[in-house]
Every structure is written in structure tokens, then in C-alpha cells.
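Fold and geometry: a report
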Amino acid sequence: MLGFFPTPYPDELLYSIIARYHIRSGNISPKITLQELFGSTTTIATPDLPANLNYLSKQLQHLFPSCVTDLIDRYTLYSFYRPFLPPQRARLIQQSMKANIGQNIHTRAGIMASAIATPRYFRFCPQCNAEDLDRYGEIYWHRLHQITGVFICPEHSTLLQDSTISFQGLNRHEYYAASSDNCVVVEQCDTYSDRTKQQLQTLATDIWWLLNRNLIFSLHAIFVSYFFVCTGCFVYPSCYSLV
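Structure report, in brief. (Residues numbered from 1 in each chain as written. Predicted model: local features only at pLDDT ≥ 70, side-chain atom pairs only at ≥ 80, totals over all residues. Heavy atoms only, no water.)

Quick word on the overall build of the protein chain
The condition is simple: Helical segments are the DSSP runs of H or I of at least four residues, strand segments are the runs of E of at least two, and each set is numbered from the N terminus. For the radius of gyration, the atoms used are the C-alpha atoms, and the globule rule reads 2.2 Å times the number of residues raised to 0.38. When checking whether two residues touch, look at their non-hydrogen atoms; a contact exists if any pair is within 4.5 Å. Using a 1.4 Å probe, accessible areas were evaluated by the Shrake-Rupley method; residue-level cover was limited to the displayed protein chains.
Summing up its helical and strand segments, the protein chain has ten helices and four strands in all. In the protein chain, the order of α-helices and β-strands from amino to carboxyl end is α-α-α-α-α-α-α-β-α-β-β-β-α-α. Its C-alpha atoms give the protein chain a radius of gyration of 20 Å, within 12% of the compact-globule value 18 Å for 243 residues. When contacts within the protein chain are restricted to residue pairs at least 6 apart in sequence, those whose partners lie at least 24 apart make up 66%. Accessible surface for the protein chain amounts to roughly 13,200 Å². Of this, 56% is attributable to carbon and sulfur atoms.

Shown next, in the form of C-alpha cells:
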């Protein structure tokens, strides 16, 4: 049973909370941190869809009054992927995240087969970091900034920047906290038109909304919604069933 655990910050990634725990624990080896939190020294430090969270949740019960489902929904990227998956597959992914079965999570989520590349590095908003440092005395990894397709911070309309920390991890068993050393602000050449920036802003805002809603769609329901929007027809075609 743990003696402490950092209080999560707004929109903080679970990976980031664990990284801050490692620093505060004073553990010399990242494997000691893994043993304390997950009961295993082979757990992989996965930023987006981690596994073995049942064990972690039990370790945090007296410090972190949140069930494992809340841990998944509020501090990982599961809520972003869930609406686009068949319900049964989404449940399988959630079960794998709860258990120590992380090998097939990204394949089931469609990430491995996607033509859209995931970010190579953890990303940050310079203005968010400045505000976090002023408000909390430290910076951290925001969930929204790590999602594929988010290029602009919707709160500040600022282009995200790459940190020096690989999203896949330099060491697969170590959690790297955000810091001023690995989140160095550089001058960027703004090559986006005003129209493109507005579209990216809208996309980031929509993703933020999606990430913070407990939504479960079926592909059929999405088809119906787009059919109505695209055709302006409110009479459902007889060749399709609503069931």
C-alpha cells in the first residue's frame, strides 16, 4: 500500500502523474516504481492506453478515491478512441487495460493499422506550461496535447511544440515527467493560413469535448446521423434497418 500519490492536475495524463510520483518517491530505479505501483517490474510505460490498472487502482484506494473505470476515462486517452469503436471491441480494450494484457490494446483500437501517424514526441503548449508553472509550481503532460490530430491548444490558440521526450519512450519501463529541460520553447515559423488555423482550432476544440464526455456510439448511429446531415432527409431509407 502506497504512502502517497500526487494529486492529478486538470487534463493530466496518467503517465504524467506516475512520472511525478517517481520523482517524489526518491526511487533510484524506475523498476522500483513499477513494483510499487503495478506489482511488476516488466510493466511498460504506455502514455495513451496503459494496462495493469486494476492493480494500480487497488494500490490507490485509500489515497485516490476513484474506481479503475474512472481512472481509465479521466486520465488516459481511452475516451477519445471509444466512440469510434464497436461497443464489444471497446469493452475488450477496457478489460485489457484493467488487466495486465497490454499486448493487443493498440491493435484492437486500430492504432497499429492507421495511416495517420501518432506523435513522435510528447507535445506541449508554451502558454499552458507558463500558467501551470505559475499555478502549480511545475508543468505536466496534458492529455489533449498528445492526441493525434491536435496541433493547436484550443485554450490559447497556440501551436503545440514537440518536447525532447519520445512518445514511445527511451526506456520502455520508465516514466519521464515534463520539465523545463525537455519542454524548451523554440521560435516557430507559422506556415498555416488563417483559415487552416481556424479549422485546426475547431478540430482541437471538438476533440477536447469528445475526450471529456462519456460517449458510446455505434457505427450504425454515426451513419444515420451523417445521412440526415448530408441529405437533409429526415425520412430514413427503407433499405436500412434502425435495429
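Some remarks on the side chain of Arg 82
Quick note on the threshold: For this analysis, a polar contact is any N or O atom pair within 3.5 Å, provided that within protein one partner can donate a hydrogen and the other can accept it, and provided that sequence-adjacent residues contribute only side-chain to side-chain pairs.
Here Arg 82 lies in the loop between helix 5 (78-81) and helix 6 (87-98). Here Asp 73 takes part through its side chain, which lies 3.3 Å from a polar atom of the side chain of Arg 82.

Some points on the environment of Gln 94
Basically, it comes down to this: Only protein chains enter the area calculation, which uses a 1.4 Å probe; residues under 20% of their type maximum are buried, those over 50% are exposed, and those in between are partly exposed.
Tracing the chain through its elements places Gln 94 in helix 6. By relative accessible area, which is 15% here, Gln 94 ends up buried. Taking the C-alpha atoms as reference points, Gln 94 and Val 185, separated by 91 residues in sequence, lie 36 Å from one another. Apart from residues no more than four positions distant in its own chain, Gln 94 is found in contact with Thr 69, Ile 72 and Tyr 78.

Focus: the packing of helix 4 (residues 68-75) against helix 6
Just so we agree on the cut-off: The axes used here are C-alpha line fits, helices contributing only the stretch in contact, and every angle between their N-to-C directions lies in the interval 0 to 180 degrees. For classification purposes, angles smaller than 35 degrees are called roughly parallel, those larger than 145 roughly antiparallel, those between 65 and 115 roughly perpendicular, and all remaining angles oblique. Gly is placed with the polar residues, together with every amino acid not listed as nonpolar (Ala, Val, Leu, Ile, Met, Phe, Trp, Tyr, Cys and Pro) or charged (Asp, Glu, Lys and Arg).
Between helix 4 and helix 6, the least distance of the axes is 10 Å, while the angle of their chain directions is 110°. Our classification of the angle between helix 4 and helix 6 gives roughly perpendicular. When helix 4 is examined against helix 6, the residues Val 68, Thr 69 and Ile 72 are found in contact with a partner set consisting of Gln 94, Met 97 and Lys 98. Taken together, the residues of the contact of helix 4 with helix 6 sort by class into three nonpolar, two polar and one charged.

Looking at the nonpolar core
Basically, it comes down to this: The set of buried Ala, Val, Leu, Ile, Met, Phe, Trp, Tyr and Cys residues whose side-chain atoms join them within 4.5 Å is what this entry labels a nonpolar core.
Core analysis: the biggest nonpolar cluster contains 57 residues, and Phe 5 and Leu 56 have the highest contact counts within it. Only helix 1 (14-25), helix 2 (30-38), helix 3 (53-59), helix 4, helix 5, helix 6, strand 1 (121-124) and helix 9 (194-211) provide two or more residues apiece to this core. With six residues, helix 1 is the single largest residue contributor to this core. Every residue in contact with Phe 5, bar those within four places of it in the chain, is listed here: Ile 17, Ile 18, Tyr 21, Leu 37, Leu 60, Leu 63 and Phe 64.

What to know about the packing of aromatic side chains
Inclusion rule: Aromatic pairs are defined between Phe, Tyr and Trp rings, using the six-membered ring for Trp, whenever the two ring centres lie within 6.5 Å; interplanar angles under 30 degrees are classed as stacked, those over 60 as edge-to-face, and all others as tilted.
Applying the stated rule across the entire model yields eleven aromatic pairs. Centroid distance Phe 80 to Phe 84: 6.1 Å. Interplanar angle 65°. Geometry classified as edge-to-face. For Phe 84, a relative accessible area of 49% translates into the label partly exposed. Linked through ring pairs, Tyr 15, Phe 122, Trp 141, Phe 167 and Tyr 175 together constitute an aromatic cluster.

Re helix 1
Counted only if it meets this: A helix is expected to reach a length of 1.5 Å times the quantity of its residues less one.
With twelve residues, helix 1 should cover 16 Å at 1.5 Å per step; its first-to-last C-alpha distance of 16 Å lies within 8% of that length. Looking only at helix 1, the buried set comprises Leu 14, Tyr 15, Ser 16, Ile 17, Ile 18, Ala 19, Arg 20, Tyr 21 and His 22. Lining the buried residues of helix 1 we find helix 2, helix 3, helix 4 and strand 1. One or two residues past the end of helix 1 sits Gly 26, with phi positive at roughly 80°.

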